[in-house]
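# Coordinate inspection notes
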Amino acid sequence: MKRSDINRIKAEAHSFIQSFGFALPPFADWSPKQMRGPKAENIRERGLGWDITDYGQGKFDDLGLFLFTLRNGDVGDLNQGRGMLYAEKLLISRDKQLSPMHRHVIKAEDIINRGGGDLVMEVYPSNPDGGVDRDNPVTVPSDGCPVTIQPGELLRLKPGASVTLMPGIWHAFWAEHGDCLIGEVSTVNDDRTDNVFEEPIPRFATIEEDTDPDFLLVADY
């Protein structure tokens, strides 16, 4: 991705978030110099902030995702079973923009449609080898109620609706009928090690530095 495109996408995303009355934390407006400074050490360590990816495929409008990590605990605390064991993100899925099929090893997550278009999801269980099982149904909680999804069936979340995905549940998603603001509440998040994609693609974008950054991405840390 070109840095100029990343700057533009971030500005558009910020406006979209604000249109729902959602205010981002103060560090969302920090300059690259501020984010590289000692005050931001914990922000960098926890991977908080802006995250824009095309999964290394160079076609963001079709295959990509915007994310902003609001808070995140320490993965090391999971071994102790105490501490800040949770994370929270805001995501934007553009209309017909695919976030590809993947699962998590450790992270459980609630995916919430916070507003805009419909959030459409493909959801599958894992087979014994950890791959996608497209032959059997899967049951997941949706707003406290179990929902069984048949192979090939789509789960459609209207604004306000949510789904809980446990580790090992494969999922891909996109928006329909307009861009979608998504909330994610989860176990501590480690995007560098806890994403398993069905296709061998990277989690983060490769950036072409055609201009100066207006801000830093999590991947820049």
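As shown above, the structure is provided for reference.
Residues numbered from 1 in each chain as written. Predicted model: local features only at pLDDT ≥ 70, side-chain atom pairs only at ≥ 80, totals over all residues. Heavy atoms only, no water.

### Describing the overall build of the protein
Of the regular secondary structure elements, the protein holds four helices and 11 strands. The globule rule puts the C-alpha radius of gyration for 221 residues at 17 Å, and the 17 Å found for the protein is close to it. Along the first, second and third principal axes, the C-alpha set of the protein runs to 50 × 45 × 35 Å. By the burial criterion, 52% of the 221 residues in the protein qualify as buried. (Helix = DSSP H or I, 4+ residues; strand = E, 2+ residues; numbered from the N terminus. Rg over C-alpha atoms; globule rule 2.2 N^0.38 Å. Buried < 20%, exposed > 50% of the residue type's maximum accessible area, 1.4 Å probe, protein only.)

### Things to note about the pairing of strand 7 (residues 145-149)
Pairing of strand 6 (residues 138-142) with strand 7, which is carried by five bridges, proceeds in the antiparallel orientation. Residue Thr139 lies in a different strand from strand 7, and its bridge partner there is Thr148. If you look at the hairpin formed by strand 6 and strand 7, you'll find two residues sitting between the two strands, and Asp143 has a positive phi there, around 55°. (Pairing = 2+ DSSP bridges.)

### Thoughts on helix 1 (residues 3-18)
Given a rise of 1.5 Å per residue, 16 residues ought to cover 22 Å, and the 23 Å separating the end C-alpha atoms of helix 1 matches this to within 8%. Regarding helix 1, the residues found buried are Arg3, Ile6, Asn7, Ile9, Lys10, Ala13, His14, Phe16 and Ile17. Here the buried face of helix 1 lies against strand 1 (49-53), strand 2 (65-72), strand 3 (86-93) and strand 10 (170-187). (Expected span 1.5 Å × (residues − 1). Contact = heavy atoms within 4.5 Å.)

### Re the packing of aromatic side chains
A full pass over the atoms with the stated rule returns six aromatic pairs. Centroid distance Phe16 to Phe20: 5.1 Å. Interplanar angle 75°. Geometry classified as edge-to-face. A residue is classified by how much of its surface remains accessible, and Phe20, at 35% relative accessible area, is partly exposed. What links up through ring pairs into an aromatic cluster is the set Phe27, Trp50, Phe66, Phe68 and Phe215. (Phe/Tyr/Trp six-rings, centres within 6.5 Å; stacked < 30°, edge-to-face > 60°.)

### Here we look at the pattern of salt bridges
By the definition in use, this model includes 17 salt bridges. The partner of Arg94 in a salt bridge is Asp61, and the shortest N-O contact between them spans 3.6 Å. In this pair, Arg94 sits in the loop between strand 3 and strand 4 (99-104) while Asp61 sits in the loop between strand 1 and strand 2, placing the two residues 33 residues apart along the sequence. Across the pair Lys107 and Glu109 runs a salt bridge whose closest N-O atoms are separated by 3.5 Å. (Salt bridge = Lys/Arg side-chain N within 4 Å of Asp/Glu carboxyl O.)

### Overview of unusual backbone geometry
Even without being glycine, Tyr55 reaches a positive phi, approximately 55°. Mapped onto the fold, Tyr55 is located in the loop between strand 1 and strand 2. For Tyr55, a relative accessible area of 3% puts it in the buried group. Positive phi outside glycine occurs at Asp143, with the angle close to 55°.

### Structural notes on the pairing of strand 10
A large share of strand 10 lies buried, amounting to 14 of its 18 residues. Across two bridges, the pairing between strand 4 and strand 10 is antiparallel. Note that in strand 10 the partner of His102 across the bridge is His171.

### Regarding the side chain of Ser99
Tracing the chain through its elements places Ser99 in strand 4. On the basis of relative accessibility, which here comes to 1%, the residue Ser99 falls in the buried class. A polar contact of 2.9 Å, which involves the side chain of Ser99, links it to the side chain of Tyr55. With residues near it in sequence (within four places) discarded, Ser99 still touches Tyr55, Gly64, Leu65, Ala172 and Phe173. (Polar contact = N/O pair within 3.5 Å; in protein donor to acceptor, adjacent residues only side chain to side chain.)

### Overview of the nonpolar core
Judged by nonpolar contacts, the single largest core of 27 residues is most densely connected at Leu24, Trp50, Ile52, Phe66 and Phe68. Here this core takes five residues from helix 1, the largest share from any one element. Once you skip the residues sitting within four places of it in the chain, Phe66 turns out to touch Ala13, Ile17, Trp50, Asp51, Ile52, Leu90, Leu91 and Ile92. In this structure, Ile111, Val123, Leu157 and Val163 belong to the second largest nonpolar core, which totals 24 residues. (Core = buried A, V, L, I, M, F, W, Y, C linked by side-chain atoms within 4.5 Å.)

### Brief notes about the environment of Glu184
Secondary-structure assignment places Glu184 in strand 10. Taking the relative accessible area as the measure of exposure, Glu184 reaches 5% and is therefore buried. Linking Glu184 and Lys89, residues 95 residues apart in sequence, is a C-alpha distance of 5.0 Å. Residues contacting Glu184, with those up to four places away along its chain left out, are Ala87, Glu88, Lys89, Leu91, Lys107, Glu109, Asp110, Ile111 and Asn189. Side-chain polar atoms of Glu184 contact the side chain of Lys107, separated by 2.9 Å.

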